[in-house]
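Close look at the chain arrangement
Residues per chain, in single letters:
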Amino acid sequence: MVKPTTPTTNKWWQSGIIYQIYPLTFADGNGDGTGDLRGIIQRLDYLNDGNPNSETCLGIDAIWLSPINKSPMVDNGYDISDYLDICPVFGTLADFEELLTEAHRRGIKVILDLVVSHTSNQHPWFQASKSSRNNDKADWYLWQDPQPNGQFPNNWLSYFGGTGWTYCAEREQYYFHTFNENQPDLNWQNPAVRQAIHDVIRFWLDKGVDGFRLDASSVYSKDPDFRDNPMKYGSSDKNAYNNQHHLYDKNLPENHQIIQEFRQVIEEYDDRALIGETFIDSRLYDSTIFYGNKNNELHLPFGFEFPFSPWHPGYLQREIEKKELITPAWAWPTQFLDNHDIPRHLSRWIECSLCSHPVSIAKAAAALLLTLRGTPFLYYGQELGMVDNMDIPADRLQDRAVVATETGELPPPRDGARTPMQWDDLPHAGFSFGANVTPWLPVHKNYTEVNVKAELAAPDSILNFYRQLIRVRQGSDALKWGSWKTLVVYPHEQLAYLRETATETVLVLINFAYEKPLKDLIDLELDWQRWTVLLSTRFEAGHVVDLPDNLVPFEVSILNKV
Ligand code: GLC
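Please read these numbers as outputs of a predicted model, since none were measured by experiment. (Residues numbered from 1 in each chain as written. Predicted model: local features only at pLDDT ≥ 70, side-chain atom pairs only at ≥ 80, totals over all residues. Heavy atoms only, no water.)

Attention shifts here to the overall build of the protein chain. Secondary structure assignment for the protein chain yields 15 helices and 21 strands. Scaling as 2.2 N^0.38, a compact globule of 562 residues should have a C-alpha radius of gyration of about 24 Å, and the protein chain matches this with 24 Å. Taken along its principal axes, the extent of the C-alpha atoms in the protein chain is 75 × 55 × 50 Å. Long-range contacts, defined as pairs at least 24 residues apart, comprise 68% of the intrachain contacts of the protein chain with a sequence gap of at least 6. Entry remark: accessible area of the protein chain is about 22100 Å², with carbon and sulfur atoms responsible for 51%. (Helix = DSSP H or I, 4+ residues; strand = E, 2+ residues; numbered from the N terminus. Rg over C-alpha atoms; globule rule 2.2 N^0.38 Å. Contact = heavy atoms within 4.5 Å. Areas by Shrake-Rupley, 256 points an atom, 1.4 Å probe, with all protein chains shown as cover.)

With that settled, consider the sheet that holds strand S11 (residues 300-301). Spatially, S11-S10-S9-S5-S2-S1-S13-S12 is the arrangement adopted by the 8 strands of the open sheet, whose pairing is parallel. The outermost strands of the open sheet, each flanked by one partner alone, are S11 and strand S12 (334-336). Sheet topology note: the strand S1 (residues 18-21)/strand S13 (residues 375-379) ladder contains 3 bridges and is parallel. Looking at the pairing, Gln-20 lines up with Tyr-379 of S13. (Pairing = 2+ DSSP bridges.)

Turning to its location among the elements, Leu-469 is positioned in helix H13 (residues 462-474). Judged by relative accessible area, which is 1%, Leu-469 ranks as buried. Between the C-alpha atoms of Leu-469 and Leu-58, which are 411 residues apart in sequence, the distance is 9.8 Å. Once residues within four sequence positions are removed from consideration, Leu-469 is found in contact with Ala-366, Ala-367, Leu-370, Thr-371, Leu-535 and Ile-558. (Buried < 20%, exposed > 50% of the residue type's maximum accessible area, 1.4 Å probe, protein only.)

What follows concerns the site of the ligand. Within the structure, the ligand sits among 13 residues, and Asp-75, Asp-215, Glu-277, His-340 and Asp-341 are positioned closest to it. Here an oxygen atom of the ligand and a side-chain polar atom of Asp-341 are 2.5 Å apart. Here the ligand has 310 Å² of accessible area as a free molecule, and 98% of this is covered by the chains. Classifying every residue of the shell around the ligand by side-chain character gives 3 nonpolar, 3 polar and 7 charged. (Near = heavy atom within 4 Å. Polar contact = N/O pair within 3.5 Å; in protein donor to acceptor, adjacent residues only side chain to side chain. Nonpolar A, V, L, I, M, F, W, Y, C, P; charged D, E, K, R; others polar.)

Here we take up the packing of aromatic side chains. Two aromatic rings are characterised by how far apart their centres lie and by the angle between their planes. This structure, assessed with the given rule, holds 41 aromatic pairs. The interplanar angle of 80° and the centroid separation of 5.2 Å between the aromatic rings of Tyr-159 and Tyr-241 together place this pair among those described as edge-to-face. Taken together, the residues span a long stretch of sequence, with Tyr-159 in the loop between strand S6 (143-144) and strand S7 (165-168) and Tyr-241 in the loop between strand S9 (211-214) and helix H8 (254-266) at a distance of 82 residues. With a relative accessible area of 4%, Tyr-241 lands in the buried category. An angle of 45° between the planes, with centres 5.7 Å apart, marks the rings of Trp-484 and Tyr-497 as tilted. You can see Trp-484 sitting in strand S14 (residues 483-486) and its partner Tyr-497 sitting in strand S15 (residues 494-500), a full 13 residues away along the chain. Classification of Trp-484 as buried rests on a relative accessible area of 5%. Grouping aromatic residues by their ring pairs yields a cluster made of Tyr-19, Phe-26, Tyr-46, Tyr-379, Tyr-380 and Trp-423. We note Arg-43 situated over the ring of Trp-423; from NZ or CZ to the ring centre the distance is 4.0 Å. Over the ring of Tyr-380 we find Arg-344; its NZ or CZ atom is 4.9 Å from the centre of that ring. (Phe/Tyr/Trp six-rings, centres within 6.5 Å; stacked < 30°, edge-to-face > 60°. Lys NZ or Arg CZ within 6 Å of the ring centre and 35° of its normal.)

Strands pair in a sheet through their backbones, by hydrogen bonds, and they do so in one of two ways: parallel or antiparallel. If you trace the 3 strands from one edge of the open sheet to the other, you get S6-S8-S7, paired in antiparallel fashion. This sheet does not close on itself; its edge strands, each paired only once, are S6 and S7. As defined by bridge partners, S6 adjoins strand S8 (residues 173-176) across 2 bridges and the pair is classed as antiparallel. Within S8, the position partnered with Trp-143 by the bridge is Tyr-175.

What follows covers the domain arrangement of the protein chain. In terms of domain boundaries, the protein chain breaks down into domain 1 (12-119 + 191-223 + 254-418 + 456-471) and domain 2 (481-561). Across the contact, 26 residues belong to domain 1 and 22 residues belong to domain 2. Contact with domain 2 buries area across many residues of domain 1, yet Pro-313, Gln-317 and Thr-371 alone supply 29% of it, more than any other trio. In this assembly, domain 1 and domain 2 are joined by 0 salt bridges. The interface formed by domain 1 and domain 2 includes 5 residue pairs in polar contact (both at pLDDT 80 or more). Of all the elements in the fold, those that place two or more residues in the side of domain 1 that touches domain 2 are helix H1 (12-15), helix H9 (313-326), helix H11 (358-371) and H13. (Domains from an automatic or database assignment. Buried area = accessible area lost by both parts, 1.4 Å probe. Salt bridge = Lys/Arg side-chain N within 4 Å of Asp/Glu carboxyl O.)

Let's shift gears to the packing of helix H5 (residues 93-105) against helix H7 (residues 191-207). Look at H5 against H7: their axes get within 11 Å of each other, and the N-to-C directions meet at 55°. Relative to H7, the element H5 lies oblique. Along its contact with H5, which presents Leu-93, Phe-96, Glu-97 and Leu-100, the element H7 presents Phe-203, Trp-204 and Lys-207. A class-by-class count of the residues in the contact of H5 with H7 yields 5 nonpolar, no polar and 2 charged. (Axes fitted to C-alpha atoms, helices over the stretch in contact; angles between N-to-C directions. Parallel < 35°, antiparallel > 145°, perpendicular 65-115°, else oblique.)

By secondary structure assignment, the location of Lys-480 is in helix H14 (residues 477-481). The buried charged residue Lys-480 lacks any salt bridge, with Asp-477 as its nearest oppositely charged partner at 4.1 Å. Beyond its immediate sequence surroundings of up to four residues, Lys-480 is in contact with Ser-15, Trp-332, Arg-473, Gln-474 and Arg-499. (Lys, Arg positive; Asp, Glu negative; His and termini not counted.)

Right, let's get into the pattern of salt bridges. Enumeration according to the criterion identifies 30 salt bridges in this entry. Residue Arg-202 pairs with Asp-199 through a salt bridge whose shortest N-O separation is 3.4 Å. Here Arg-202 pairs with Asp-199, and both are found in helix H7, just 3 residues apart, close to one helical turn. Judged by its relative accessible area of 23%, Arg-202 falls in the partly exposed class. By relative accessible area, which is 40% here, Asp-199 ends up partly exposed. Arg-263 is paired through a salt bridge with Glu-267; the nearest N and O atoms lie 2.7 Å apart.

Core analysis: the biggest nonpolar cluster contains 133 residues, and Tyr-19 and Phe-96 have the highest contact counts within it. Of the residues forming this core, the biggest block, 9 residues, is contributed by H11. For this core, the domains that each give at least three residues are domain 1 (12-119 + 191-223 + 254-418 + 456-471) and domain 2 (481-561). In contact with Phe-96, not counting residues within four places along its chain, are Leu-37, Leu-65, Ile-68, Ile-86, Val-110, Leu-112, Trp-204 and Val-209. Core analysis: the second largest hydrophobic core is formed by 17 residues, Leu-487, Val-488, Phe-539 and Leu-559 among them. (Core = buried A, V, L, I, M, F, W, Y, C linked by side-chain atoms within 4.5 Å.)

Next comes the structure, spelled out in structure tokens:
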């Protein structure tokens with residue numbers, strides 16, 4: 001099935017490449033060991049210096065900042081105590097305004113994380129709410145009486161482990177939290193809560209931010225009757241959260257209404273984007289439900305197909321084909337490999353394939369991400385081939401929000417994928433200039449080789465491959481807007497697909513393993529002659545070639561029909 005080749009609207013969030021920054025570890029501008037806004041400003045030229053022929057910048061179009069609002073940092077910013085201010089750890093509102101101006105000056109859009117399924121328990125709204133049962137914020141959170149036997153109000157659990165209910169002596173009631181007990185869930189049935197959050201959205205849009213990534217965007221809605229979740233019959237997952245059907249504590253029909261209202265606020269402004277972490281059980285639902293049935297919810301819902309897929313072209317192709325089939329023609333796909341909650345893809349995929357070719361896997365993965373239909377998201381450091389730091393001493397871990405499960409098991413902390421960006425081979429990998437500081441998380445020991453400076457100087461590095469790939473994508477209407485069609489009916493170790501508009505045909509060949517005759521692979525009469533090499537691990541870019549007889553191991557070739 002071939003989709004229409006050009007969407008009716010050509011938006012920046014469709015053609016652009018979005019780069020996620022984890023501000024705590026991207027760049028430390030004041031030398032205190034923790035990343036900050038000033039550090040990001042200093043590194044903007046690396047992301048995009050505004051020069052299309054730049055020899056040094058990556059060339060992305062937008063940054064998404066993980067939360068920078070005021071926070072006690074129990075969940076490293078995903079617990080906000082003031083939506084209208086910047087956390088002092090990161091700087092000031094004036095620093096943010098400067099970041100916005102400097103980013104826009106280079107053509108970089110800025111997207112903020114909007115964490116509104118819950119606040120911090122230090123937020124003044126919660127402080128007021130918990131003080132009594134009859135204050136003006138009394139109904140802003142999810143309060144329930146204990147059961148007559150003193151037990152929790154129902155069986156709802158926290159995603160981070162243990163019960164979702166925490167007792168508050170002042171009110172002699174429990175409040176509910178999907179995540180940590182320091183992150184109480186807002187009551188989205190209360191119109192005053194909706195209004196307050198809409199005002200927060202307008203505050204940042206008025207400042208000029210270009211969009212939001214909605215955090216945990218499926219858990220706004222809860223059952224008004226607080227019914228127990230049904231148990232999954234016979235399920236004995238170590239994480240008790242997975243043993244329930246989450247019928248009543250997430251993703252209720254009303255959730256759509258809440259996101260539709262966000263979209264209406266966004267549309268009061270020109271050209272802003274609404275992105276969302278969908279946070280659903282992807283075995284039951286698909287992230288496409290978040291577009292809304294009238295194109296009135298998220299512009300870009302994250303689907304976790306690649307993060308949950310093994311490194312095998314068969315699985316990956318199945319996910320791509322599924323997305324092609326179920327994404328409505330008016331909607332726009334979203335593609336990503338990594339974020340701050342999951343192990344980095346090279347760590348996931350090298351380990352599972354026991355492969356000794358990390359650079360080849362990194363290039364193949366990059367080619368996949370940046371040649372599919374839809375908006376690609378990069379996670380900082382992925383363009384260098386950064387892998388998880390598995391050697392963080394227990395007393396240096398920063399992911400404190402997760403708690404032990406009933407069985408005493410601790411979910412693995414997410415710190416491994418959040419270590420400092422590797423800029424050069426100076427102390428702290430150039431992340432911090434502070435001589436005697438301890439970086440927020442330990443730098444990965446491979447930083448002397450895996451870093452921006454070294455990779456810019458090495459023509460065949462992963463970073464230079466990403467840089468070239470980004471330019472190839474930006475220069476090709478077929479790669480930005482074209483249809484996607486597989487040429488491989490039954491993938492073994494290769495992917496081969498076309499991206500096409502009426503006037504341009506791009507062929508993408510990605511070999512995941514051994515040498516393979518191309519004619520065995522492609523079940524279609526292609527004109528074999530005269531392709532211009534856009535980018536290849538085998539052929540020189542710009543040369544005109546005939547299709548080769550064989551794909552060499554780990555070959556990536558992106559070719560344009562002459
Ligand atoms: C989202 C964030 C994650 C955070 C959680 C609670 O899943 O991505 O980092 O811990 O929400 O806010």
